[in-house]
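Structural overview for review
Each chain, letter by letter, is given below.
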Amino acid sequence: MTTDRAVTPRIEARADIALMAGYHSPQLDVRVRLNTNESPVPPPEAFTEAMAAAVRRINWNRYPDRAARELRARIAGLHGVDPGNVFAANGSNEVIQCLLLAFGGPGRAAATFEPTYALHSHLARVTGTALVQGRRRDDLGLDLDEAAVVIGRRRPAVTFLCSPNNPTGMTDDPGAVAVVLDRVAEVGGLLCVDEAYGQFSPHTALDLAGPDVPLAVTRTYSKTWAMAGARLGYLIGPEWVVAELDKVALPYHLDAMTQAAGVAALDHVEEMNRRVADLVAERSRLCAGLARLPVKVWPSGANFVLFRPAPVPGAEVWRRLVDRSVLVRDCSSWPGLEGCLRVTVGTPDENDTFLQALEEILA
Ligand SMILES: *Cc1c(COP(=O)(O)O)cnc(C)c1O
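As the structure is a computational prediction, the values presented were derived from the model and not from experiment.

Comments concerning the packing of aromatic side chains
Inspection of the entire model under this criterion finds five aromatic pairs. Aromatic side chains Y221 and Y234 sit 6.1 Å apart centroid to centroid with 75 degrees between the ring planes, which places their arrangement in the edge-to-face category. Of this pair, Y221 sits in the loop between strand 7 (215-220) and strand 8 (233-236) while Y234 sits in strand 8, placing them 13 residues apart in sequence. Here the aromatic residues Y221, W225 and Y234 are joined through ring pairs into a cluster of three or more. Cation over ring: K296 sits above W298, and NZ or CZ is 4.6 Å from the ring centre. It is R342 that lies over the ring of F304; its NZ or CZ is 5.5 Å from the centre.

Pasting the structure below:
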């Protein structure tokens, strides 16, 4: 007598969620991991020591400081803004999700210019925000005419730029960002510039910020700060933006350890700047190595490089690199990036291993 129960329908997810593929980036066990743009080396030893001491001081029976005051004050100091201009969360992905919860949602739209970071459109969908996807030019640069049309006609509540752009590595010209900001302001929207790789680039949209400017710039500890394991990101924006984000974030979303890690890391700014300079130098060497092979390389302002192998298709090159225990990101099936792969700048040894393997595959 199981029939009655067997026909009980199972609850289905929201139709738009059920149709989604989700976020996929294979985490394979390989020797050389150059697929997720992490720092190739751990944070400084002194940071790890300070962090261990900070963990011993945590009051585990108490909720953490809900407003993350010390962390926000330190981040504000780093950027020369007020603590009220800073919002921090579990990775810049959570920052962006909060931004869309507060300023997007049903009846509103978010605009992206593809190809760009997939989480912007993914989080728009998850938050029930209509998505308007403009295109970049064939050379993958920002198309200002397209931007004017998309923003002017569709009047998105939130417009995303990503500079340096992931996965292309290309940096948007500061003048172009200013033009997009003007268009966004004209339609009463908000511009979010994702600067996850901002430290690797000579430009920042923070130069355009101001109390009445509808601009939010997101940054992360995951890349430059060698702290992808901690999950910490933040936004610099006008107080009226930060105040709304504080309403949609879960209470105590930022745990005590993460807050402590974010504060401790900021005691090592000089060391981090040296590492960024080393990675930028290593990026030049990696690009020079790629230039000697039959691949097309895009100019990078980040800690990764987009390239398209010529004689062997990208997806096949990706598999043969994995056979040699080298993991890069396969972008070959992404619209606009046919045949392309993305490699993170690693240690000199890792980069040599990658270049050597690629040379063999393309020989
Ligand atoms: C890696 C990356 C992030 C970082 O996300 P976190 O959640 O902070 O780890 C954000 N934006 C872009 C474009 C990225 O590539």
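Here the narrative resumes.
Side note on the domain arrangement of the chain
Domain annotation for the chain reports domain 1 (15-43 + 270-362) and domain 2 (57-268). A C-alpha centroid distance of 24 Å is found between domain 1 and domain 2. Contacts between the two partners involve 34 residues from domain 1, matched on the other side by 28 residues from domain 2. Carbon and sulfur atoms supply 69% of the area that domain 1 and domain 2 bury against each other, a total of about 2,300 Å² over both sides. Our count for the domain 1 to domain 2 interface comes out at zero salt bridges. The interface formed by domain 1 and domain 2 includes six residue pairs in polar contact (both at pLDDT 80 or more). Contributing elements (two or more residues each) for the side of domain 1 that touches domain 2: helix 2 (15-18), helix 11 (269-291) and strand 10 (304-309). For the side of domain 1 that touches domain 2, the element with the highest residue contribution is helix 11, accounting for eight residues. Among the residues forming the side of domain 1 that touches domain 2, the class breakdown is 19 nonpolar, eight polar and seven charged.

About the cut-offs
- Residues numbered from 1 in each chain as written.
- Predicted model: local features only at pLDDT ≥ 70, side-chain atom pairs only at ≥ 80, totals over all residues.
- Heavy atoms only, no water.
- Phe/Tyr/Trp six-rings, centres within 6.5 Å; stacked < 30°, edge-to-face > 60°.
- Helix = DSSP H or I, 4+ residues; strand = E, 2+ residues; numbered from the N terminus.
- Lys NZ or Arg CZ within 6 Å of the ring centre and 35° of its normal.
- Domains from an automatic or database assignment.
- Contact = heavy atoms within 4.5 Å.
- Buried area = accessible area lost by both parts, 1.4 Å probe.
- Salt bridge = Lys/Arg side-chain N within 4 Å of Asp/Glu carboxyl O.
- Polar contact = N/O pair within 3.5 Å; in protein donor to acceptor, adjacent residues only side chain to side chain.
- Nonpolar A, V, L, I, M, F, W, Y, C, P; charged D, E, K, R; others polar.

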